[in-house]
Every structure is written in C-alpha cells, then in structure tokens.
Amino acid sequence: MATVPMEHGLILAALIFALGFVGVLVRRNIVFMLMSIEIMLNAVGIAFVVAGARWAQPDGQVMFIFILTMAAAEVSVGLALVIQLYHNLKTLDVDAADSMKG
Amino acid sequence: MNLLFYLSSLVAVIATVQVITRTNAVHALLYLIVSLLAVALIFFALGASFVAALEVIIYAGAIMVLFIFVIMMLNLGGQAAKQETQLLTPGIWIGPSALILVLAAELIYLFAIGQEQLSAGTEVSPKEIGIALFGPYVIGVELASMLLLSGLVGAYHLGRPHRHGKDKRSDS
C-alpha cells in the first residue's frame, strides 16, 4: 500500500494558504476577510498534520489542537469586533474604518 | 487510499476558490463548511482520525455556527426574507451539494473497505496524542486555557451594546 508523498500534502497546504491570502488581500467585506483568515489557519494545520503523519509522531496533531484553540478564541473576538463595526458605521466595508479617533 | 486523499484535496481547493469569489456571505459559508469537511477527510486519509473528528466538531460545527449567527444578526428584515426565498432555489445549493456528495461517496467507500487498510499514512492513535499533550506539551495546554479565558472576556466586553453600557455606568 503506497502512502501519499509528503510533498503533495505540503503543496495542498500551500495552495489553500495562498487562496486564503488572496482572499484577505482582495475582499473588502470584513466577514469575508475573517473567513479567509480561517482558511489560512486551516492550511497551516494541514501542514502540521501532514508533517506529523510523515514521521508518525503525535506532535503534529498536538500543534493542530493548539491552532484550533487559537482559531476559536480569534474568531469569537473577531466576530464581536465585526458587530461593533457594524453598529458604529452601519457597514461591513473595512475601508469605512480608515480613520482613528484621538 | 491515495485516491481518497487526492479527491478530497480537489474538493477542498474547489470549495476554497468558491469561498473567496462568492458575493453572498451565506453562500460563501456553505462552501467554507464543505472545504472544512474535505480537509477532515484528508486528515482521515493521512491516519489522523482524532484530529479529523476535531475538525468536524469544532471547525465545521462550533466556529461556523458562530459565523452563521453573526451573519444572520447583521441581516436586516426585508433583505433577509428575500434571501430566504433565494436560498430555496436550486442554483444556490446545487454546487455545495455536489461537492458534499463526493465526500459522502468517499465516506461510504471507507466504511465498505473495512478496518484493516484504513489509512495511507501510519495511524497515530488518540492515546498517543493525549500522552503527548499532557506530557511535554502541558504548558501549552495551560496557555491555551488562559487564551480561551481572555477570548471569552474580550468577546463579552466587545459584544456589549455600546450606548447601553455607558448609560449604566453613569447611572451607578
């Protein structure tokens, strides 16, 4: 039974990371930008799990669990910020929030 | 087993491209959930079954529910009703459904071939992960708990209605 080469898994992770990066750069809707950040975090997780599977060690999966925890904390704070932005500016366009107060 | 990996990768990449090109947030979320489920199958194909389960439960379950809540909260009445009727037209759900059917076929194939040749990589059992997590990585677990607590406090603080909070503070 042949196994999947590690390079293919890393290429997949790089591809998905690049897609998420393009999403952050191109979209101006803050909900889409948050989704793209989730995609990028997920791609990093794929890279960790692929490397962990390559050497048959649990460390890759342990790092993925930490990334999962971080993503959960990040998305809860991020979505609270989205709600605040919408209440204050009545829009989800990040370019509307280009000036600081004080 | 290799075919499973490449097919899931294809589904994941197609769904991710759809996520960053949709204009409607709910459609993008549908594709994002498909993408996360495809990644879960990739993990399963690599022999990381515990992490595959976590991906489905936490990413595709909990985090996506948060996104859906916020998007539904931000929608205004008439526009939301129009969207509901739009959601029932086939053009919108046929894409995610087709991709998810591919994943379902892979899952049925997995159950059909049985236990003995289940993974392309070497299987790392949840027991080993638990031993590593609470052995050398125990400081990371402590830090993660602090991070989650600060995330909870931060989300509560930011999510309060703005004017309301100020009025209450000046009253008391």
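No experiment lies behind these values; they were computed from the predicted model shown.

Chemist: How should I be thinking about the overall build of chain B in this particular structure?
Modeler: Scanning chain B from terminus to terminus reveals eight helices and zero strands. Overall, chain B shows an N-to-C arrangement of helices and strands of α-α-α-α-α-α-α-α. The buried share among the 172 residues of chain B stands at 38%. Once local pairs closer than 6 in sequence are excluded, the contacts in chain B between residues at least 24 apart make up 71%. Carbon and sulfur atoms provide 72% of the accessible area of chain B, an area that totals close to 9600 Å².

Chemist: For this particular structure, what's the right way to read the nonpolar core?
Modeler: For soluble globular proteins, the rule of thumb is that nonpolar side chains tend to be buried together. Counting residues in hydrophobic clusters, the biggest one holds 77 residues, and the most contacted among them are Met35 of chain A together with Phe43 and Phe67 of chain B. If you list the elements that add at least two residues to this core, you get α1 (6–26), α2 (30–54) and α3 (59–89) of chain A together with α1 (2–21), α2 (25–45), α3 (49–74), α5 (90–113) and α6 (126–133) of chain B. Excluding its chain neighbours within four sequence positions, the residues that come into contact with Phe67 of chain B are Val31, Leu34, Met35, Glu38, Val75 and Leu79 of chain A together with Leu29 of chain B.

Chemist: Got a minute to help me understand a nonpolar patch on the surface in this structure?
Modeler: Residues and elements named next belong to chain A. A cluster of nonpolar residues, Phe17, Phe21, Val22, Leu25, Val26, Val44 and Phe48, forms a patch on the protein surface that exposes about 580 Å² of accessible area. Ranked by residues supplied to the nonpolar patch, first place goes to α1 with five residues. Along the polypeptide, Val26 turns up in helix α1.

Chemist: How should I be thinking about the interface of chain A and chain B in this particular structure?
Modeler: Many descriptions give the size of an interface as the accessible area lost when the pieces come together. Counting from both sides, the interface comprises 54 residues of chain A and, opposite them, 61 residues of chain B. Each partner contributes to the roughly 5000 Å² buried at the junction of chain A and chain B, and carbon and sulfur atoms together form 79% of this total. Between chain A and chain B we count zero salt bridges in total. When contributions to the side of chain A that touches chain B are tallied by element, the ones reaching two or more residues are α1, α2 and α3 of chain A. If you tally residues by element for the side of chain A that touches chain B, the top one is α3 of chain A, at 22 residues. Looking at the side of chain A that touches chain B, its residues break down into 39 nonpolar, 12 polar and three charged.

Chemist: When you look at the packing of α1 of chain B against α2 of chain B in this model, what are you seeing that I'm missing?
Modeler: The geometry of a pair of packed helices is captured by two quantities: the angle between their axes and the separation between those axes. Residue and element names in this part refer to chain B. At a minimum axis separation of 8 Å, α1 and α2 run at an interaxial angle of 160 degrees. Regarding the angle of α1 to α2, the classification is roughly antiparallel. Crossing angle aside, the handedness with which α1 passes α2 is left-handed. Between α1 and α2, the residues in contact are Leu4, Phe5, Ser8, Ser9, Val11, Ala12, Ala15, Thr16, Gln18 and Val19 and Ala28, Tyr31, Leu32, Val34, Ser35, Ala38, Val39, Leu41, Ile42 and Ala45, respectively. Split by residue class, the contact of α1 with α2 holds 15 nonpolar, five polar and no charged.

Chemist: Looking at this structure, I do not really get the environment of Phe50 of chain B. What am I missing?
Modeler: You can see Phe50 of chain B is positioned in helix α3. Ignoring any residue separated from it by four or fewer positions in sequence, one finds Phe50 of chain B in contact with Gln61 and Ile65 of chain A together with Pro126 and Ile129 of chain B.

Chemist: I would appreciate a short explanation of the confidence of the model for chain B in the present structure.
Modeler: Should pLDDT be low for a region, the predicted coordinates there are not to be read in detail. Residues and elements named next belong to chain B. Here chain B averages 82 in pLDDT, while 80% of its residues score no lower than 70. When the criterion is pLDDT under 50, residues 165–172 qualifies, and its contacts beyond four places in sequence or with other chains add up to one contact. Predicted complex metrics record ipTM = 0.90 and pTM = 0.84.

Chemist: What is the right way to read α1 of chain B from this model?
Modeler: An α-helical turn contains 3.6 residues, so any two residues separated by three or four positions project in the same direction. Between the first and last C-alpha of α1 of chain B there are 29 Å, a value that for 20 residues agrees with the 28 Å anticipated at 1.5 Å per step. Residues of α1 of chain B that are buried: Leu4, Phe5, Ser8, Ser9, Val11, Ala12, Val13, Ala15, Thr16, Val19 and Ile20 of chain B. On its buried side, α1 of chain B packs onto α1 and α2 of chain A together with α2 and α5 of chain B.

Chemist: What am I meant to see in the side chain of Arg27 of chain A here?
Modeler: Take Arg27 of chain A: it is sitting in the loop between α1 and α2. The charged side chain of Arg27 of chain A is buried without a salt bridge, its nearest counter-charge being Asp93 of chain A at 9.9 Å. A polar atom in the side chain of Arg27 of chain A sits 2.7 Å from the backbone oxygen of Arg22 of chain B. Leave out the neighbours within four places in its chain, and Arg27 of chain A touches Phe32 and Met33 of chain A together with Val19, Ile20, Thr21, Arg22 and Thr23 of chain B.

Chemist: Honestly, unusual backbone geometry in this entry has me stumped. Any pointers?
Modeler: Keep in mind that most residues, glycine aside, have a negative phi and that most peptide bonds are trans. All names here are of chain A. The phi dihedral of Ala56 is positive, around 55 degrees, even though this residue is not glycine. Topologically, Ala56 is positioned in the loop between α2 and α3. Classification of Ala56 as partly exposed rests on a relative accessible area of 30%.

What counts, and at which threshold
- Residues numbered from 1 in each chain as written.
- Chains lettered and ligands numbered in written order.
- Predicted model: local features only at pLDDT ≥ 70, side-chain atom pairs only at ≥ 80, totals over all residues.
- Heavy atoms only, no water.
- Helix = DSSP H or I, 4+ residues; strand = E, 2+ residues; numbered from the N terminus.
- Buried < 20%, exposed > 50% of the residue type's maximum accessible area, 1.4 Å probe, protein only.
- Contact = heavy atoms within 4.5 Å.
- Areas by Shrake-Rupley, 256 points an atom, 1.4 Å probe, with all protein chains shown as cover.
- Core = buried A, V, L, I, M, F, W, Y, C linked by side-chain atoms within 4.5 Å.
- Patch = residues over 30% accessible without salt bridge, like charges linked within 9 Å, V, L, I, M, F, W, Y side chains within 5 Å.
- Salt bridge = Lys/Arg side-chain N within 4 Å of Asp/Glu carboxyl O.
- Buried area = accessible area lost by both parts, 1.4 Å probe.
- Nonpolar A, V, L, I, M, F, W, Y, C, P; charged D, E, K, R; others polar.
- Axes fitted to C-alpha atoms, helices over the stretch in contact; angles between N-to-C directions.
- Parallel < 35°, antiparallel > 145°, perpendicular 65-115°, else oblique.
- Left-handed = near helix turned anticlockwise from the far one by under 90°.
- pLDDT = per-residue confidence, 0-100.
- Expected span 1.5 Å × (residues − 1).
- Lys, Arg positive; Asp, Glu negative; His and termini not counted.
- Polar contact = N/O pair within 3.5 Å; in protein donor to acceptor, adjacent residues only side chain to side chain.

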